Amino acid sequence: MAGACHAIGIDLGTTYSCVAAWQHDHVEVIVNDQGNRTTPSYVAFTDTDRFIGDAAFNQAIKNPVNTIFEAKRLIGRRFSDECVQNDMKHWPFKVVEGPAEKPVFVVTHKGVEKQFAAEEISSMVLVKMREIAEAYLGSTVKNAVITVPAYFNDSQRQATKNAGASAGLNVMRIINEPTAAAIAYGLDRKSGWYSKRNVMIFDLGGGTLDVSLLTIADSVFEVRATSGDTHLGGGDFDNRMVNYCVEQFKRKHNVDISGNPRALARLRNASEKAKRRLSFMSETDIDIDCLNQGIDFCLTITRAKFEQLNMDFFEKCMQPVEKCLKDANMDISSIHDVVLAGGSSRIPKVQQLLQDVFNGKELCKGINPDEAIAYGAAVEAAVLSGGNPTGKLQGFTLLDVTTVSLGVATARSSTGERDFMTVVIPRNTRIPVMKKVVLATSEDNQSSVRFGVYEGESTTAKNNNFLGAFDLDDIPPAPRGVPKFDTCFDIDENGILNVTAEDGSTGQKKGISFNSDRRNCEGIETSI
């Protein structure tokens, strides 16, 4: 492949990121300037400089209030979201409400207070990943496939795409992380498969859980169903350990360190390392010199204690597995392989619970859980750039689905309900897809109609995630139900949504605006 044509795959992770490229008929996971194959998704600001990756990670203990991590947990979210408010309690850095309800990080850089949105921090990480690839490949890189959690909503996908563009990348495609992991698993194995296989990917990372069920046949990777939790991962397990350590320190020394950012940063770092060790040891020590007021902290923590602290989280991890099987209309006996991805999938208790769901079935650990997602993204990047038409990737096809139902808020004349979610595209619909629905006015002589677009599974629109709204005005006077509106929902290959509505009588047409106020939609009813 010519150097200028290189397309890369980037796993933009909550805690670590990874980049890979297709070269010489195989995927090369690219090492960074520290010789590591994954890079911390950290950005640090000082009086003189800005650091990204390993250098930023090394700032986390001495400069905790200006070292940003887990930015992915805020991407595409509102400041008022409950999960954002909960996360803020665990972070040493400051988050405030910015324009349009967007949460922003507050740091001091070169003596000046600055604010950054989550996609700006993610963009800095993506710049670092692009530079790592360019140093290895010896050429400029423009084209990239970036992965997102399967359960990311529209605004989170769009924000990720915007972060890629800000990083100077042409984002060829946004693909789902478990789908990328399935590509990594299936690509080299499919030659030995004589019939189609049903594969479940269990992807538990630093901040998100995704479960996807795919059917792999020849070179066709078809996603059947997907489920997950965009706010559950290794970072949550770390927080439980940090809280436990704070309690133990207070009990032993009668000193509360919960308001000391530097002490908490040191505890977080030590807790994460202890968590990793407990995946292959039954107990380990957390030793920190002079944690607070010259007092050393020493604690022996067992694997059993770690499991007890996080058991509710571990059990919560199994819920999307059951949901995914149900959505795909499959039972456990029809699943050929259960494949682990994401660093947190190494936790023995998680593996045991997953094995229990599948009646003791052996789990597939044949892919590197830290690298598999970038690997799959690099394959998709090579296919999209046409870099391997006759090699291993010949005939490769990826068929993905939308992960949440999409629809519009309407009134129901039969029940009088004014906030009903009319689903236009049900979840687990193959994408890209375009679907139309005809809506009508719900009142006589109605001159304006608001189209409120939502995603989610509740039949009440306001209980779902509001994406945006737009108005059609100047509707000619007519009895209710007479003015009709052709409403079109269009999802592209990246899972990003466009909505338009056209007034059948005037030909007036408008599309969605994602900057609209969050208001209930009124004055539309479904035309049967």
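What you are looking at is a predicted structure, and each value in this text was computed from that prediction instead of being measured.

Once that is clear, we can look at the overall build of the protein. A count of helical and extended segments in the protein gives 11 helices and 29 strands. For 528 residues, the compact-globule estimate of 2.2 N^0.38 gives 24 Å, and the protein sits close to it at 24 Å. Considering the protein as a whole, with its 528 residues, one finds that 57% of them fall into the buried category. For the protein, long-range pairs separated by at least 24 residues make up 67% of all intrachain contacts whose partners lie at least 6 apart in sequence. Just so you have it, the protein exposes about 21,500 Å², and 45% of that area is on carbon and sulfur atoms. In the protein, 58 positive and 67 negative side-chain charges are present, and the distance between their average locations comes to 2 Å.

The six strands lie next to each other as β18-β13-β14-β15-β19-β22, forming an open sheet whose pairing is mixed. Looking at the sheet topology across the chains shown, the edges are occupied by β18 (337-341) and β22 (430-431). Strand direction decides the pairing type here: strand β14 (residues 209-217) and strand β15 (residues 220-229), joined by nine bridges, are antiparallel. Note on β15: the bridge partner recorded for T215 is E222.

As a further point, take helix α4 (residues 154-166). Residues separated by three or four positions in an α-helix point in the same direction, a consequence of the helix having 3.6 residues per turn. Helix length check: α4 (13 residues) gives 18 Å between terminal C-alpha atoms against 18 Å at 1.5 Å per residue, within 8%. Here α4 has its buried residues at D154, Q156, R157, A159, T160, A163 and G164. Those residues of α4 that are buried lie in contact with α3 (118-137), β11 (143-148), β12 (170-176), β24 (449-455), β25 (465-472) and β27 (497-503).

A word on the domain arrangement of the protein. Domains assigned within the protein are domain 1 (7-177 + 372-394), domain 2 (192-230 + 319-366), domain 3 (234-308) and domain 4 (404-513). Put simply, the middle of domain 1 and the middle of domain 4, counted by C-alpha atoms, are 34 Å apart. Opposite the 11 residues of domain 1 that make contact, domain 4 presents 10 residues. For the interface between domain 1 and domain 4, the tally reads zero salt bridges. In this assembly, domain 1 and domain 4 are joined by three residue pairs in polar contact (both at pLDDT 80 or more). Listing elements by their share of the side of domain 1 that touches domain 4, those giving two or more residues are α4 and β12. With five residues, α4 is the single largest residue contributor to the side of domain 1 that touches domain 4.

Attention now moves to the sheet that holds strand β6 (residues 50-52). Here we have three strands laid out as an open sheet, ordered β6-β5-β7, and antiparallel in their pairing. Two strands close off the open sheet at either side, each with one partner strand: β6 and β7 (67-68). Pairing geometry for strand β5 (residues 43-45) and β6, over three bridges, is antiparallel. Looking across to β6, one finds that V43 is bridged to I52. Contacting β5, β6 and β7, α3 crosses the sheet at an angle of about 110 degrees to β5.

Thresholds applied
- Residues numbered from 1 in each chain as written.
- Predicted model: local features only at pLDDT ≥ 70, side-chain atom pairs only at ≥ 80, totals over all residues.
- Heavy atoms only, no water.
- Helix = DSSP H or I, 4+ residues; strand = E, 2+ residues; numbered from the N terminus.
- Rg over C-alpha atoms; globule rule 2.2 N^0.38 Å.
- Buried < 20%, exposed > 50% of the residue type's maximum accessible area, 1.4 Å probe, protein only.
- Contact = heavy atoms within 4.5 Å.
- Areas by Shrake-Rupley, 256 points an atom, 1.4 Å probe, with all protein chains shown as cover.
- Lys, Arg positive; Asp, Glu negative; His and termini not counted.
- Charge placed at Lys NZ, Arg CZ, Asp CG, Glu CD.
- Pairing = 2+ DSSP bridges.
- Expected span 1.5 Å × (residues − 1).
- Domains from an automatic or database assignment.
- Salt bridge = Lys/Arg side-chain N within 4 Å of Asp/Glu carboxyl O.
- Polar contact = N/O pair within 3.5 Å; in protein donor to acceptor, adjacent residues only side chain to side chain.
- Axes fitted to C-alpha atoms, helices over the stretch in contact; angles between N-to-C directions.

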